[in-house]
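Results of the structural survey
Residues per chain are reported as follows:
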Amino acid sequence: MCRLLAYLGSPIQPDKLIYEPEHSLCIQSYRPRETVTTSVNADGVGIGWYHSQKQTEPFIYKNILPIWSDINLPHLSRYIESECFLAYIRSATPGQGASWSNCQPFSDRHFLFTHNGFIDNFRATLYQPIRSHIKDTVYQKIEGTTDSEHIFALFLNELAAVDGNWEQALEATLKTVFKLAKPYGVKVLANIVISDGNQLIASRCAIGSTPPSLYWLQNAPLFPNSVIIASEPLFPGNWNPCPESSMICVGKDLKINIHPIDL
């Protein structure tokens, strides 16, 4: 079960969360506390971030090595300073190879996307139904084989249908995935984080299982004027577990809104 991390707030160096905390994302790669399907997250690492001064598309760094073997990310994450970034360590679903195209985060224009979870037996169940559900221009953007990237493609497809309201698009995406999954009777775990550099939207949802862990923390003493979303608490603090079947929205003003998703 992958682990993810998202940050929005005053500019920081990402290594302050990826490497420095006592239960950092790096440590979660080999010593996670709240995973149930795996004991390591060794199938890749990725980070996507936004420029703190210019309006540009996000920058992305990926590696198929475990984060503990990546000799470049510690230096890069100290060099970068950003107001918004998403980081990710991967535990590949069986049958989905460790390749560059399968590493997260995925991106399109100003969006970054990460997914922690899986669609059970994806190739034999929802692979074709999802592809049949999306328009050709979105279909052609899919480069890898993961269920995660197909969920992102479905999000992009729904985004056009709701005139760019990406909170509605994510909710519609989840409802579509779960609707498609029900005839197959398969588990779907869908913790998702999406950002455009100014906002964060995250979901904690599943059918047929308990969703993966997900927490949020606002204005930690070492990180004032910020919101952190993470699969597991990185350090002691007032971490709030995200309710199941819910969505958390963090605005540019760092105000948090949590509401249930009727699935």
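Scroll up a little and you will see the structure.
We now turn to the structure provided with this report. (Residues numbered from 1 in each chain as written. Predicted model: local features only at pLDDT ≥ 70, side-chain atom pairs only at ≥ 80, totals over all residues. Heavy atoms only, no water.)

**Digging into the sheet that holds strand S1 (residues 3-12)**
Applicable threshold: For two strands to be treated as a pair, DSSP must find at least two bridges joining them. Here a strand is any run of E in DSSP of at least two residues, a helix any run of H or I of at least four, and the numbering for each starts at the N terminus.
Reading across from one edge, S3-S2-S4-S1-S10-S9-S11 is the order of the 7 strands in this open sheet, with antiparallel pairing throughout. In this open sheet, the two strands that pair with only one neighbour each are strand S3 (59-63) and strand S11 (240-241). Pairing between S1 and strand S10 (residues 223-230): 5 bridges, direction antiparallel. The residue bridging Leu8 from the neighbouring strand is Val227, located in S10.

**Examining the side chain of Asn63**
Definition in use: For the exposure calls, accessible area comes from a 1.4 Å probe over protein chains only, and a residue counts as buried if that area is under 20% of its type's maximum, exposed if over 50%, partly exposed in between. As used in this structure description, the phrase polar contact means that two N or O atoms lie within 3.5 Å; if the pair is within protein, one of them must be able to donate a hydrogen and the other to accept it, and residues adjacent in sequence are counted only when both atoms belong to side chains.
Assignment of secondary structure puts Asn63 in strand S3. With a relative accessible area of 10%, Asn63 lands in the buried category. At a separation of 3.4 Å, a polar atom in the side chain of Asn63 contacts the side chain of Tyr61.

**Side note on the environment of Arg204**
Rule in force here: In what follows, residue pairs with any heavy atoms lying within 4.5 Å of each other are defined as contacts.
Examined against the element boundaries, Arg204 turns out to sit in strand S8 (residues 200-207). We classify Arg204 as buried; its relative accessible area is 12%. Those residues in contact with Arg204 that sit more than four places away from it in its chain are Ala190, Asn191, Thr210, Pro211, Pro212, Ser213, Leu214, Cys242, Pro243, Glu244, Ser245 and Ser246. Only 3.4 Å separates the side chain of Arg204 from the backbone oxygen of Pro211, close enough to count as a polar contact. Here Cys242 takes part through its backbone oxygen, which lies 2.8 Å from a polar atom of the side chain of Arg204.

**Quick notes on the packing of aromatic side chains**
Put simply, the rule is: Between 30 and 60 degrees the pair is tilted, below 30 it is stacked and above 60 it is edge-to-face, where a pair is any two Phe, Tyr or Trp rings, Trp via its six-membered ring, whose centres lie within 6.5 Å. Throughout this description, the term charge over a ring refers to an Arg CZ or Lys NZ atom that lies within 6 Å of the ring centre and within 35 degrees of the ring normal.
All told, the structure shown has 10 aromatic pairs when counted by the stated rule. Relative to Phe85, the ring of Tyr7 has its centre 5.5 Å away and its plane inclined at 20°; by these criteria the two rings are stacked. One end of the pair, Tyr7, is in strand S1; the other, Phe85, is in strand S4 (residues 82-89), with 78 residues separating them in the sequence. Looking at Tyr7, the relative accessible area reads 0%, which means it is buried. On the basis of an interplanar angle of 90° and a centroid distance of 5.7 Å, the ring pair of Phe111 and Phe155 is categorised as edge-to-face. Residue Phe111 is located in strand S6 (residues 111-119), and its partner Phe155 is located in helix H6 (residues 147-161); the two are separated by 44 residues in the primary sequence. Classification of Phe155 by relative accessible area gives buried; the value is 0%. Taken together, Phe111, Phe113, Phe152, Phe155 and Trp166 form an aromatic cluster joined through their ring pairs. For Arg123, the ring lying beneath its charged end belongs to Tyr127, and the centroid distance is 4.0 Å.

**Let's talk about the layout of surface pockets**
Empty space among the atoms becomes apparent when a probe as large as a water molecule is rolled across them. Selection criterion: A cavity here means a set of points on a 1 Å grid, drawn over the protein atoms and nothing else, where a 1.4 Å probe fits but cannot get out; a pocket is an open set with protein on both sides within 12 Å along at least five of seven lines, and a residue lines either one if it has an atom within 4 Å of a point. Grid points are joined across faces, edges and corners, and a volume is the space filled by probe spheres set on the points.
Taken as a whole, the largest pocket holds about 340 Å³ of empty space. What lines the largest pocket is a set of 20 residues, and nearest its centre among them are His51, Gln55, Glu83, Gly197 and Asn198. Residue assignment for the lining of the largest pocket shows that the elements contributing at least two residues are S1 and S4.

**Observations concerning the sheet that holds S8**
Our working definition: Think of each axis as a best-fit line through the C-alpha atoms, taken over the contacting stretch in the case of a helix, with angles from 0 to 180 degrees between the N-to-C directions.
The 6 strands lie next to each other as S5-S6-S7-S8-S12-S13, forming an open sheet whose pairing is antiparallel. A single partner strand is all that each edge strand has here, and the edge strands are strand S5 (106-108) and strand S13 (256-260). Ignoring which end each strand starts from, the neighbouring axes of this sheet average 15° apart. Two strands pair when backbone bridges link them, and S6 and strand S7 (residues 188-195) are joined in this way by 8 bridges, in the antiparallel orientation. Its bridge partner lying in S7, Gly117 is registered against Ala190. The sheet contacts of H6 involve S5, S6 and S7, and relative to S6 the element is tilted by about 130°.

Honestly, that's just the spatial picture; any functional story needs more than this.
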